Amino acid sequence: MKVNILKDYEEMSLATSQLIIEVMKENPDGLYCFAGGDTPVKTLQLLVEAHQKKIIDLTKAYYIELDEWVGLKQDNTGSCLSYLNRNLFAPAAVPQSHIHHFDSLSSHLDEECQKANEYIEKHGSLTLVLLGIGENGHLGFNEPGVDFDNKAHVISLSSTTQSVGQKYFQEEMVLKEGITLGIRQLMESEVMVVIANGVKKQNAVRKILQGEVTHMCPVTIINEHKNSYLFIDELAGGQNENFN
Ligand code: GLP
């Protein structure tokens, strides 16, 4: 794992986008997986700018959704798909045929998981995954305690994720379950990039940097990836004596 500690959110996003741009130049038609959430917003904006300047061509790449809230309409602005449409797919005019996403309203979620697994298998593997970290150390919706051998699966959301997740919605939501790619698939990616900024991510970042891999903090698995990068800002990398 290569650790990059940047001054602030802007610098973290710039450095992250530069790495992704280099990978996309080499693998323009690869399969990419970008997390939703607040953390990657600026990175995605910089990728779209690079696309507009013709440094990369985002329409050539393929994409698979990392995770989604179960039971949510796709046009809900808090859905992960809506986020990706807003921040990446629409501004870069990515063809729908290049995007695979979960139908989290399906009454056959097991089939949705199977379809995601098959999409990745069809492409060989994920070229690059860009992941944020949940406050409890989750990756996608791989919550503490998750089986690291899982492929795509449905999972009960922890109380932390249920309450933190409210920030994406205009009104109070019931967020009980998520559907997510599994750690195994993320670990088989050619490049794994994890980004984190701000004090709320200090605990998870500290556990990563301690080097011990634990199911109780799924993001620590990054330590075992063959080609992984951690981009954090100084706040996320700071020490805080109150953590245990
Ligand atoms: C969310 C998503 C993750 C995301 C993480 C961090 O719940 N399931 O995919 O990376 O939590 O989100 P944020 O960047 O808003 O802190």
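In this text the structure is predicted, and so the values were computed from the model without any measurement. (Residues numbered from 1 in each chain as written. Predicted model: local features only at pLDDT ≥ 70, side-chain atom pairs only at ≥ 80, totals over all residues. Heavy atoms only, no water.)

1. Quick look at the sheet that holds strand 3 (residues 62–64)
Phase 1: Overall, parallel pairing links the seven strands, which are arranged 1-10-9-6-2-3-5 in an open sheet. Each edge of the sheet is formed by a strand with only one pairing partner; in this case those strands are strand 1 (2–6) and strand 5 (99–100).
Phase 2: Where strand 9 (residues 191–196) lies against strand 10 (residues 228–233), five bridges are found, and the strand directions are parallel. For M192, the partnering residue across the bridge sits in strand 10 and is S228.
Phase 3: Of the strands in this sheet, strand 1, strand 2 (31–34), strand 3, strand 6 (128–131), strand 9 and strand 10 touch helix 1 (residues 9–26), which is tilted by about 160° from strand 10. (Pairing = 2+ DSSP bridges. Helix = DSSP H or I, 4+ residues; strand = E, 2+ residues; numbered from the N terminus. Contact = heavy atoms within 4.5 Å. Axes fitted to C-alpha atoms, helices over the stretch in contact; angles between N-to-C directions.)

2. A closer look at the site of the ligand
Phase 1: The environment of the ligand is made up of 15 residues, and the closest members are D38, T39, D67, Y168 and K201.
Phase 2: Between the ligand and D38 there is a distance of 2.7 Å, counted from an oxygen atom to a backbone nitrogen or oxygen.
Phase 3: One of the side-chain nitrogen or oxygen atoms of H138 is found 3.0 Å away from an oxygen atom of the ligand.
Phase 4: Protein contacts shield 94% of the accessible area of the ligand, which totals 390 Å² for the unbound molecule.
Phase 5: Under a 2 Å grid-point criterion requiring more than half of the atoms, the pocket assigned to the ligand is the largest pocket.
Phase 6: The residue inventory of the shell around the ligand, partitioned by class, reads five nonpolar, six polar and four charged. (Near = heavy atom within 4 Å. Polar contact = N/O pair within 3.5 Å; in protein donor to acceptor, adjacent residues only side chain to side chain. Areas by Shrake-Rupley, 256 points an atom, 1.4 Å probe, with all protein chains shown as cover. 1 Å grid on protein atoms, 1.4 Å probe; cavity = no way out; pocket = protein on both sides within 12 Å on 5 of 7 lines; lining within 4 Å. Sits in = over half its atoms within 2 Å of the grid points. Nonpolar A, V, L, I, M, F, W, Y, C, P; charged D, E, K, R; others polar.)

3. With respect to the environment of N117
Phase 1: Tracing the sequence through the fold places N117 in helix 4 (residues 109–123).
Phase 2: When its relative accessible area of 7% is taken as the criterion, N117 is described as buried.
Phase 3: Along the backbone, N117 and N142 are 25 residues apart, and their C-alpha atoms lie at a distance of 16 Å.
Phase 4: A distance of 2.6 Å separates the side chain of N117 from the side chain of Q185, its partner in a polar contact. (Buried < 20%, exposed > 50% of the residue type's maximum accessible area, 1.4 Å probe, protein only.)

4. Quick word on the nonpolar core
Across soluble globular proteins, you tend to see nonpolar side chains buried next to one another.
Phase 1: Counting 47 residues, the largest nonpolar core has I64, L181 and V194 as its most contacted members.
Phase 2: Counting 32 residues, the second-largest nonpolar core is a separate cluster that includes L47, A61, Y63 and Y229. (Core = buried A, V, L, I, M, F, W, Y, C linked by side-chain atoms within 4.5 Å.)

5. A few points about the sheet that holds strand 7 (residues 153–156)
Phase 1: Taken in spatial order, the three strands line up as 4-8-7 in an open sheet, and their pairing is antiparallel. Bordering the open sheet on either side are strand 4 (67–69) and strand 7, each of which pairs with just one other strand. Geometrically, the sheet is characterised by an average inter-axis angle of 25° between neighbouring strands, direction not taken into account.
Phase 2: Examined bridge by bridge, strand 4 and strand 8 (residues 177–180) share three bridges and lie antiparallel to one another. Following the sheet pairing, W69 is matched in strand 8 by G178.

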